[in-house]
Each structure stands twice: as C-alpha cells, then as structure tokens.
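Architecture and fold: a report
Below are the chains, spelled out letter by letter.
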Amino acid sequence: MNQKKIISWLSSIIFISVGIISISYFLLLWVEKSAEQTSQNKDKEMETRTENMKRKDGEKFHKPADVSIITMGDGKDGHSFISTYHDFYNSTLGWNRIHSADYDEQVKIAKEIIDQIDGAHIQNDKLAKDFATIQEIAESLISEESRETMRTLHRFFHDLDIYLNGYNRASTFGVTEYKGEN
C-alpha cells in the first residue's frame, strides 16, 4: 500500500514538473518571438516612413556637402567612404537581415572602418565628433557581439550618407552631430 502511494506521488510530481517546464519553455519562445516581431515592425515602419518621405520631384532634401570637408587617411574622399559602408550595412543588416548577419564579417568591416578613419582630415568639428563616435562603436563591436551595436553603426552611416551625399529623402535617425552644414 505504501509503495503504491509513493509511486502515485512520484508520478504526480513528475507529471506536474514536466507540465511546468513545458509551459515555461513555450512562454519563453513566445516572448522571444514577440520581441523579435516588435523589432521587425520598427524596422518596417522606418522603411515605410523613408519611402513616404522621398521627394517626388527628384530634388534633394539635403544639399551634398563639399568634397573637401573630409579626406580619408588614404587620400580618398569621405563621401565615397560613407556611401560604400552605408551600402554594405544596407545589404547585410537592412530589411531585417540584422538577425542573421555574419558577426565575423561585421568585425572585419569594423576593423577596416577604424583603419580608414585613422589619419582622416576633417574640416568640420561636428563631423569629426561623428567619426570619433563611429570609431568607438566599431571598437565596441569588435570586442563584443551586439546586434544593437551593428544597428547603431548602420544608422550613423545612413545619416551621414544623407547629409554628406545629399538624398531625395529626409528621413534620418538623428544620431549624428553633423546635420549637413559646412
């Protein structure tokens, strides 16, 4: 009789434990999926706002900055530097690719960015601060994998591409000190 009670109690405890673990597992999956969906919705919202803010007449919201405002350490212009890396981030992080981005590739590019910024000649104090911030963010990404750090780096290149190269869209993330003034 005692043995039947013990087996009954143990069976009940095991059944309840498995149930609690299963419920916890599914709740964690649901919360994680919900957080990812929220992030994707914000990205889609930004893309939609960007598309809606394009000028229909082809005029640029931001006049391109003079090329002499920045020269990279290797002698190339800073406008191409910004455009090239903005394109890279669009293709590897944009449109929800951030969730599957190759961290090693991101580190390789972060190192390239740091190397190219070293020795740059920048004729605007706010732009110089932005480039220093980009270096800090890139260094942070090298030392620790972070999707948020990748996103922030992408946003700096996005905004500077608009301000330096002139675009027919007004949508920026507002992360830069430099806002297009020479």
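Overview of the structure. (Residues numbered from 1 in each chain as written. Predicted model: local features only at pLDDT ≥ 70, side-chain atom pairs only at ≥ 80, totals over all residues. Heavy atoms only, no water.)

A few words now on the packing of aromatic side chains. By the definition in use, this model includes six aromatic pairs. Note on Tyr 85 and Phe 157: the rings are 5.9 Å apart at their centroids and 55 degrees apart in plane angle, and the pair reads as tilted. Of this pair, Tyr 85 sits in helix α2 (residues 78–93) while Phe 157 sits in helix α5 (residues 147–165); the two residues are 72 residues apart in sequence, bridging distant segments of the chain. Both residues of the pair, Tyr 85 and Phe 157, count as buried. Put simply, the rings of Phe 81, Tyr 85, Phe 88, Tyr 89, Phe 131 and Phe 157 pair up and form one aromatic cluster. (Phe/Tyr/Trp six-rings, centres within 6.5 Å; stacked < 30°, edge-to-face > 60°. Helix = DSSP H or I, 4+ residues; strand = E, 2+ residues; numbered from the N terminus. Buried < 20%, exposed > 50% of the residue type's maximum accessible area, 1.4 Å probe, protein only.)

As enumerated under the stated definition, the model contains two salt bridges in all. Between Glu 145 and Arg 147 there is a salt bridge, and its shortest N-O distance comes to 3.1 Å. What makes Glu 145 partly exposed here is its relative accessible area of 43%. When its relative accessible area of 28% is taken as the criterion, Arg 147 is described as partly exposed. Residue Glu 148 is joined to Arg 151 by a salt bridge in which the shortest nitrogen-to-oxygen separation is 3.0 Å. Highlighted residues: Glu 148 and Arg 151, both in helix α5, separated by three residues, approximately one helical turn. Residue Glu 148 is classed as partly exposed on the basis of its relative accessible area of 45%. With a relative accessible area of 14%, Arg 151 lands in the buried category. (Salt bridge = Lys/Arg side-chain N within 4 Å of Asp/Glu carboxyl O.)

Now for a nonpolar patch on the surface. Judged by side-chain polarity, Ile 6, Leu 10, Ile 14 and Val 18 come together as a nonpolar surface patch covering roughly 380 Å² of accessible area. On the secondary structure map, Val 18 appears in helix α1 (residues 2–52). Classification of Val 18 by relative accessible area gives partly exposed; the value is 47%. (Patch = residues over 30% accessible without salt bridge, like charges linked within 9 Å, V, L, I, M, F, W, Y side chains within 5 Å. Areas by Shrake-Rupley, 256 points an atom, 1.4 Å probe, with all protein chains shown as cover.)

This part is about the nonpolar core. Judged by nonpolar contacts, the single largest core of 33 residues is most densely connected at Phe 81, Tyr 89, Ile 113, Phe 131 and Phe 157. For this core, the secondary structure elements donating two or more residues are α2, α3 (103–117), α4 (125–143) and α5. In this structure, Phe 131 is in contact with Ile 70, Met 72, Phe 81, Ile 82, Ile 117, Ile 122 and Leu 160, ignoring residues within four places of it in sequence. (Core = buried A, V, L, I, M, F, W, Y, C linked by side-chain atoms within 4.5 Å. Contact = heavy atoms within 4.5 Å.)

The grouping of Asp 115, Asp 118, Glu 136 and Glu 139 at the surface amounts to a negative patch. By the secondary structure assignment, Asp 115 is in helix α3. Classification of Asp 115 as exposed rests on a relative accessible area of 57%. (Lys, Arg positive; Asp, Glu negative; His and termini not counted. Charge placed at Lys NZ, Arg CZ, Asp CG, Glu CD.)

Our next topic: unusual backbone geometry. At Trp 95, a residue that is not glycine, the phi angle is positive and equals roughly 55 degrees. Its place among the elements puts Trp 95 in the loop between α2 and α3. Within the chain, Asn 96 stands out as a residue other than glycine whose phi angle is a positive 70 degrees. Summarising the element assignment, Asn 96 is placed in the loop between α2 and α3. The buried category is assigned to Asn 96, whose relative accessible area is 19%.

A few words now on α3. The α-helix advances 3.6 residues per turn, and as a result positions three or four apart in sequence lie on the same side. Compared with an ideal rise of 1.5 Å per residue, which puts 15 residues at 21 Å, α3 spans 21 Å between its outermost C-alpha atoms and is within 8% of the ideal. If you check which residues of α3 are buried, you get Tyr 103, Gln 106, Val 107, Ile 109, Ala 110, Ile 113, Ile 114 and Ile 117. Mapping the buried residues of α3 onto a view down its axis gives an arc of 165 degrees, with all of them on the same face. Turned more than 90 degrees off the buried face of α3, the exposed positions are Asp 104, Lys 108 and Asp 115. Buried-residue contacts for α3 involve α2, α4 and α5. Regarding α3, its N-cap is Asp 102, as a side-chain oxygen of that residue lies 3.1 Å from the backbone nitrogen of Asp 104 further along. Following α3 by one or two positions, Gly 119 adopts a phi angle in the positive range, close to 85 degrees. (Expected span 1.5 Å × (residues − 1). Arc of directions from axis to C-beta. Polar contact = N/O pair within 3.5 Å; in protein donor to acceptor, adjacent residues only side chain to side chain.)

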